[in-house]
Protein chains: 2
Amino acid sequence: MQRAAALVRRGCGPRTPSSWGRSQSSAAAEASAVLKVRPERSRRERILTLESMNPQVKAVEYAVRGPIVLKAGEIELELQRGIKKPFTEVIRANIGDAQAMGQQPITFLRQVMALCTYPNLLDSPSFPEDAKKRARRILQACGGNSLGEAPTCQAPRREMNECSQAAPASSGGSCMRMGSYSASQGVNCIREDVAAYITRRDGGVPADPDNIYLTTGASDGISTILKILVSGGGKSRTGVMIPIPQYPLYSAVISELDAIQVNYYLDEENCWALNVNELRRAVQEAKDHCDPKVLCIINPGNPTGQVQSRKCIEDVIHFAWEEKLFLLADEVYQDNVYSPDCRFHSFKKVLYEMGPEYSSNVELASFHSTSKGYMGECGYRGGYMEVINLHPEIKGQLVKLLSVRLCPPVSGQAAMDIVVNPPVAGEESFEQFSREKESVLGNLAKKAKLTEDLFNQVPGIHCNPLQGAMYAFPRIFIPAKAVEAAQAHQMAPDMFYCMKLLEETGICVVPGSGFGQREGTYHFRMTILPPVEKLKTVLQKVKDFHINFLEKYA
Amino acid sequence: MQRAAALVRRGCGPRTPSSWGRSQSSAAAEASAVLKVRPERSRRERILTLESMNPQVKAVEYAVRGPIVLKAGEIELELQRGIKKPFTEVIRANIGDAQAMGQQPITFLRQVMALCTYPNLLDSPSFPEDAKKRARRILQACGGNSLGEAPTCQAPRREMNECSQAAPASSGGSCMRMGSYSASQGVNCIREDVAAYITRRDGGVPADPDNIYLTTGASDGISTILKILVSGGGKSRTGVMIPIPQYPLYSAVISELDAIQVNYYLDEENCWALNVNELRRAVQEAKDHCDPKVLCIINPGNPTGQVQSRKCIEDVIHFAWEEKLFLLADEVYQDNVYSPDCRFHSFKKVLYEMGPEYSSNVELASFHSTSKGYMGECGYRGGYMEVINLHPEIKGQLVKLLSVRLCPPVSGQAAMDIVVNPPVAGEESFEQFSREKESVLGNLAKKAKLTEDLFNQVPGIHCNPLQGAMYAFPRIFIPAKAVEAAQAHQMAPDMFYCMKLLEETGICVVPGSGFGQREGTYHFRMTILPPVEKLKTVLQKVKDFHINFLEKYA
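What you are looking at is a predicted structure, and each value in this text was computed from that prediction instead of being measured. (Residues numbered from 1 in each chain as written. Chains lettered and ligands numbered in written order. Predicted model: local features only at pLDDT ≥ 70, side-chain atom pairs only at ≥ 80, totals over all residues. Heavy atoms only, no water.)

1. Some thoughts on the overall build of chain A
Counting its regular elements, chain A contains 18 helices and 14 strands. By residue count, 67% of the 554 residues in chain A fall in the buried class. Partitioning the contacts of chain A with sequence separation of at least 6, the portion at a separation of at least 24 is 71%. Put simply, chain A shows about 18,100 Å² of open surface, and 53% of that area lies on carbon and sulfur atoms. (Helix = DSSP H or I, 4+ residues; strand = E, 2+ residues; numbered from the N terminus. Buried < 20%, exposed > 50% of the residue type's maximum accessible area, 1.4 Å probe, protein only. Contact = heavy atoms within 4.5 Å. Areas by Shrake-Rupley, 256 points an atom, 1.4 Å probe, with all protein chains shown as cover.)

2. Quick look at the pattern of salt bridges
A pair can form between side chains of opposite charge whenever their charged atoms are brought close. Enumeration over the complete set of coordinates arrives at 50 salt bridges over all chains. Put simply, glutamate 323 of chain B and lysine 287 of chain B hold a salt bridge, and the shortest N to O gap is 2.7 Å. Taken as a pair, glutamate 323 of chain B in helix H10 (residues 310-323) and lysine 287 of chain B in the loop between helix H9 (276-286) and strand E5 (291-298) lie far apart in primary sequence, 36 residues in all. A relative accessible area of 39% places lysine 287 of chain B in the partly exposed class. Ionic contacts of the salt-bridge type, sharing partners, join the residues Arg310, Glu314, Lys349 and Glu353 of chain A into one network. (Salt bridge = Lys/Arg side-chain N within 4 Å of Asp/Glu carboxyl O.)

3. A few points about empty space enclosed by the protein
Put simply, the largest cavity is a space of about 670 Å³. Along the wall of the largest cavity there are 31 residues; nearest its centre are Asp220 and Arg405 of chain A together with Thr216, Asp220 and Arg405 of chain B. Taken together, the elements giving at least two residues each to the lining of the largest cavity come down to strand E2 (212-216), helix H7 (217-229) and helix H13 (392-404) of chain A together with strand E2 (212-216), helix H7 (217-229) and helix H13 (392-404) of chain B. Here the lining of the largest cavity gets 5 residues from one element, more than from any other, and that element is H7 of chain A. Looking at the lining of the largest cavity residue by residue, the class counts come to 11 nonpolar, 10 polar and 10 charged. (1 Å grid on protein atoms, 1.4 Å probe; cavity = no way out; pocket = protein on both sides within 12 Å on 5 of 7 lines; lining within 4 Å. Points joined across faces, edges and corners; volume = space filled by probe spheres on them. Nonpolar A, V, L, I, M, F, W, Y, C, P; charged D, E, K, R; others polar.)

4. Things to note about helix H4 (residues 107-117) of chain B
With 11 of its 11 residues buried, H4 of chain B lies for the most part within the structure. Taken residue by residue, H4 of chain B has Thr107, Phe108, Leu109, Arg110, Gln111, Val112, Met113, Ala114, Leu115, Cys116 and Thr117 of chain B as its buried positions.

5. Observations regarding the pairing of strand E8 (residues 382-388) of chain A
All names here are of chain A. Summarising burial for E8: 7 of the 7 residues are buried, a large majority. The alternating pattern of E8 places Gly382, Tyr384, Glu386 and Ile388 on one face and Gly383, Met385 and Val387 on the opposite face, and all of these are buried. Here strand E7 (residues 364-369) pairs with E8 via 6 bridges, running antiparallel. The residue bridging histidine 368 from the neighbouring strand is tyrosine 384, located in E8. (Pairing = 2+ DSSP bridges.)

6. Focus on the packing of helix H15 (residues 430-456) of chain B against helix H18 (residues 532-552) of chain B
Helix packing geometry: the angle between the two helix axes and the distance between the axes. All names here are of chain B. Interhelical geometry of H15 versus H18 gives an angle of 15° and a closest axis separation of 11 Å. The angle between H15 and H18 falls in the class roughly parallel. Classified by chirality, the crossing of H18 by H15 is right-handed. The segment H15 lies against H18, with Asn443, Lys446, Lys447, Leu450, Thr451, Leu454 and Phe455 engaging Val532, Leu535, Lys536, Leu539 and Val542. The residue inventory of the contact of H15 with H18, partitioned by class, reads 7 nonpolar, 2 polar and 3 charged. (Axes fitted to C-alpha atoms, helices over the stretch in contact; angles between N-to-C directions. Parallel < 35°, antiparallel > 145°, perpendicular 65-115°, else oblique. Left-handed = near helix turned anticlockwise from the far one by under 90°.)

7. A look at the side chain of arginine 137 of chain B
Residues and elements named next belong to chain B. For arginine 137, the position within the fold is in helix H5 (residues 129-141). Its relative accessible area of 1% is what places arginine 137 among the buried residues. Here the side chain of arginine 137 touches aspartate 193 through a polar contact of 2.8 Å, side chain to side chain. (Polar contact = N/O pair within 3.5 Å; in protein donor to acceptor, adjacent residues only side chain to side chain.)

8. Side note on the sheet that holds strand E14 (residues 524-527) of chain A
Residues and elements named next belong to chain A. Here we have 3 strands laid out as an open sheet, ordered E10-E14-E13, and antiparallel in their pairing. The outermost strands of the open sheet, each flanked by one partner alone, are strand E10 (471-472) and strand E13 (510-511). Inspection of the sheet shows E13 paired to E14 by 2 bridges, in the antiparallel sense. Following the sheet pairing, proline 511 is matched in E14 by phenylalanine 524.

9. Quick notes on unusual backbone geometry
Where the residue is not glycine, phi is negative for most of them; where a peptide bond is considered, it is trans in most cases. Residue proline 300 of chain A is bonded to the preceding asparagine 299 of chain A through a cis peptide linkage, with omega at -10°. Here proline 300 of chain A shows up in the loop between strand E5 (291-298) and helix H10 (310-323). For glutamine 490 of chain A, which is not glycine, the phi torsion reads 50° and is therefore positive. You can see glutamine 490 of chain A is positioned in the loop between helix H16 (480-488) and helix H17 (493-505). The backbone of aspartate 258 of chain B shows a phi angle near 55°, a positive value even though the residue is not glycine. Tracing the sequence through the fold places aspartate 258 of chain B in the loop between helix H8 (249-256) and strand E4 (260-265).

10. Quick word on the environment of serine 126 of chain A
Residues and elements named next belong to chain A. Following the sequence through the fold, serine 126 ends up in the loop between helix H4 (107-117) and helix H5 (129-141). Distance from serine 126 to glutamine 111, taken between C-alpha atoms, is 9.8 Å for residues 15 residues apart in sequence. Here serine 124 takes part through its side chain, which lies 2.6 Å from a polar atom of the side chain of serine 126.

11. Some words on the side chain of serine 124 of chain B
Mapping serine 124 of chain B onto the fold places it in the loop between H4 and H5. Using a relative accessible area of 15% as the deciding quantity, one classes serine 124 of chain B as buried.

12. Points about the packing of aromatic side chains
Aromatic ring pairs are defined here through the distance separating the ring centres and the angle between the ring planes. Residue and element names in this part refer to chain A. Considering all chains together, one arrives at 30 aromatic pairs over all chains under this definition. Among the aromatic side chains, those forming a connected cluster through ring pairs are Phe455, Phe496, Tyr497, Phe524, Phe545, Phe549 and Tyr553. When the ring centre of tyrosine 471 is taken as origin, the NZ or CZ atom of arginine 525, which lies over that ring, is 3.9 Å away. (Phe/Tyr/Trp six-rings, centres within 6.5 Å; stacked < 30°, edge-to-face > 60°. Lys NZ or Arg CZ within 6 Å of the ring centre and 35° of its normal.)

13. Digging into the sheet that holds strand E14 (residues 524-527) of chain B
Picture the strands of a sheet paired through backbone hydrogen bonds; they go either parallel or antiparallel. Sheet architecture is open: 3 strands sit in the order E10-E14-E13 (chain B), paired in antiparallel fashion. A single partner strand is all that each edge strand has here, and the edge strands are strand E10 (471-472) and strand E13 (510-511) of chain B.

14. Description of helix H8 (residues 249-256) of chain A
Residues and elements named next belong to chain A. Among the 8 residues of H8, 8 are classified as buried, and the element is accordingly described as predominantly covered. Taken together, the buried positions of H8 are occupied by Leu249, Tyr250, Ser251, Ala252, Val253, Ile254, Ser255 and Glu256. Aspartate 258 sits one or two residues past H8 and shows a positive phi near 55°.

15. A short note on the environment of serine 255 of chain A
Residues and elements named next belong to chain A. Secondary-structure assignment places serine 255 in helix H8. The class for serine 255 is buried, based on a relative accessible area of 15%. Residues serine 255 and glutamine 56, 199 residues apart in the sequence, show an inter-C-alpha distance of 5.6 Å. Serine 255 has contacts with Gln56, Ala59 and Val60, leaving out every residue within four places of it along the chain. A distance of 3.0 Å separates a polar side-chain atom of serine 255 from the backbone oxygen of glutamine 56.

16. Notes on the state of the cysteines
For the coordinates displayed, the defined rule picks out 0 disulfides over all chains. Distance from the sulfur of cysteine 296 of chain A, which forms no disulfide, to the nearest cysteine sulfur (cysteine 290 of chain A) is 13 Å. (Disulfide = S-S within 2.5 Å.)

17. Describing the pairing of strand E3 (residues 238-244) of chain A
Residues and elements named next belong to chain A. By the criterion of burial, E3 is predominantly enclosed, with 7 of the 7 residues buried. Residue alternation in E3 divides its side chains into two sets, Thr238, Val240, Ile242 and Ile244 and Gly239, Met241 and Pro243, and both sets are buried. As defined by bridge partners, E3 adjoins E5 across 4 bridges and the pair is classed as parallel. Residue pairing for E5: methionine 241 is matched across the bridge by leucine 295. As judged from the 6 bridges shared by E3 and strand E4 (residues 260-265), these two strands associate in the parallel manner. Residue pairing in the sheet places isoleucine 242 in a bridge with asparagine 263 of E4. Handedness of the crossover is the feature at issue here: the chain leaves E3, passes through H8, returns alongside E4, and the resulting connection is right-handed. (Right-handed = clockwise from strand over helix to strand, strands pointing away.)

18. Examining the confidence of the model for chain A
Residue and element names in this part refer to chain A. Across chain A, the average pLDDT comes to 86, with 86% of residues at or above 70. Note that residues 1-41 has pLDDT below 50 and, in this model, 84 contacts with residues that lie over four places away or in other chains. In the predicted structure, residues 142-176 sits below a pLDDT of 50 and forms 107 contacts with residues beyond four places in sequence or in another chain. Reported confidence for the predicted complex is 0.84 by ipTM and 0.86 by pTM. (pLDDT = per-residue confidence, 0-100.)

Printed below as a string of structure tokens:
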């Protein structure tokens, strides 16, 4: 191993005699001196090992980037090295990463981001005026003011007035704002835009910027609020109710926090609907061994893609009210609803419409993200959380906890601002923006239907309607012989199935066991994000593979 | 409160009868029905309260954004409302937020970031070729490939060749890379650039990209590695040794993780040097009540600004080797060294120069950030962590844990790439880049000396040399009468002092008690970031305030 020349200079640190009696010789000499005292050169036992590490972290699982995806990476490298396979590329249908699958970014969003990043561009004629207007406003609002006392925007959000007050002189010119920390809770003007967006979305149900917390993607918000909620030991340990199948962030964070996971099963026979009787069963059983305090809902569902009816949401809210549960509503797919019979209802809106007994009592945190919807900006890690009926003292605790990490990425906050504040009719960019948005959502709707139809043509595969989100979670029949083969490989049967699928077709999907499923049932999650023609090929390959698999293990 | 019209549409959720016997009437009617059943409209006890919340989170303190800064925000709002004060603006000298204090961003960094954000600009003549070259390379490297198998760059880093392999077709065109998730560990090419930077910095001591983890600022890396390290209960609970004074991220994370904080005191009489005998005392005493497993070092020091000598670092490494401690080296101020007698030595380099017994055994994680140095890009939340001698199984655990949060912000990763990969001699942007860099660092050095000199002219203030970092941490004499007055206000004496300073001068600094200090001594932390002329005014105001304070409480 290359060794650097030892540099010994007198520093200005302590002048204490060496604690192990060496002279101020060169580093190399020091090293050999040490070796004289202790000849053994053998590697010592590590301090940090699987045995000594944090057991809760060790218990964490995250299938979406788990073993199957590691395997996909290996296969990709083999392909790059020219190793022959029955396919020429790996198709990563394991994660909802739209732009990685070829989706184009929304032009307007990137224009505003570029202007915020390099404000010299504000003078460039090649950027539209409405994009510049957004950028100027964000730049004037951001940074310089560490606790969110940044200038607030008096003007109603729909008119895109710039902040009516200039940033304090002490916080420098607007050209540097993207480089400053923001308030820990997020930039004021952006939180105001988020509140205005929620109010429009919910048909006038008011939203308070003070209840909005900008986050590093939705995952950050979800784990932060869970971190505050978890307490107690033994039988009074906090129980967190999550749907099965779930998005594995929930089980991972529950494990990290050493909380108790309380499963409630979605009804696959009823297009993955949530049944309150099942919630009741789950909470009753949980009370024997923990203190159920939190109820997590994912709507539209991940991985299941169901969209909850208004009636269902009312029942859930009443249940939470009755059982004194803190509600977490994961609504990151709120723009991804495809089924004509469905529409998105926010928990916040339904909560208010159920009247004051609910709207002034039920504690709710809901989450959104820049990563999904039609913009699919996963890389910026932008998101927000809205809290309802959070105790004022807890709000202080939340800001304190967030402040330890200083602030969410300011670029992600800016991206969130564009998501909630897109061009409106009459603005220069409106026409192109609308075209791009409709194209993305239209394609997703088409692909959702296509996927459902093709899967249901395959014997031994049943796929519920993809009402929303970005995934299919079909149920697959796995023959007894295949189950035995899987056991011989110490694999879950659906992991065995997905590994074979990957090795034979290059298609990477995630086994249902990574999300949870009823005992004895098998599924996989596949994104519907590949371009239509590629998706058709993918689905055809899965079909052929499955028929083949059934024959092989008949 | 505004009520929205109730929207009741048949969704496609469960058709189960209402679990609380209501008809499918309008939401409003449902609400009032509920209210009939339960007339009481009073607010119920909250589920999440100070009493019920996570006690570890409740115990967290973070002074850098604590009460004094909340007060500063209030005062700013009062000034905005035109309320008269003995000053016209609040000067936030509480946090190392360079650009908020007027520092200009490095042009080259922002140019590359803009190009990555909006690749249409790659055709613009107004951007230099070397910036475009960097951007193309980052864009080709990022995203599309969820587990870090993104194309690796074969070319030596100093020649800025573009990645020699194209990204897989499945991951779309390069124009969308900033919008995709990256590998959980960070983009491959950027990790390679970081490794190349470390190798240059350390005079040839090799760095392995596989040991580099890109993070969401350094704070994220530090808390992640601590999260993995903490285990055990009672007397075998993990002890984490931290300097006093410390940067409060450490105490906050230790509290969150319910680990045991083990204090070792820096030697104020010896310009805040680290003395290994003090480490020995601390670890021996700690062994009675916990399992000391981690030793945290901040070099250059925050808040103390000392730069450790090579000799001191050797002693610390030997101590860690002897006591079997996992080393955390917080080196985010490695570019911020001002004293001509000092230079930065990385723990990694000294570790290697001490010979194989150390370089193959001592476990080390070191941290860097885009937020400090001369670029001061706090908003992008970019950073990296290099791990040495980490057990291979633990590396897997680390990637698994990181993957739960998907990836660090890709924009922050790109910013990190420019920080470790700036223009070199011969490149178009080199001259301007060097000018900007020298200007920032030259000014900081000037301000460090200025601050030390002026503070030491004030009776009752002693300030050690500001060898590095961005802060002064002067010791202040607080008269007995002032201590009594503070106690009457139930405040720490230095909090009382800083509150008075804020109220009378508008200058916001952080009390020493927020960082820790020897019993009976008092300090505050002030950044040296304001522009020179403003800094002079600030220091003069502090001087006048202090003299006044001494007289008042004599």
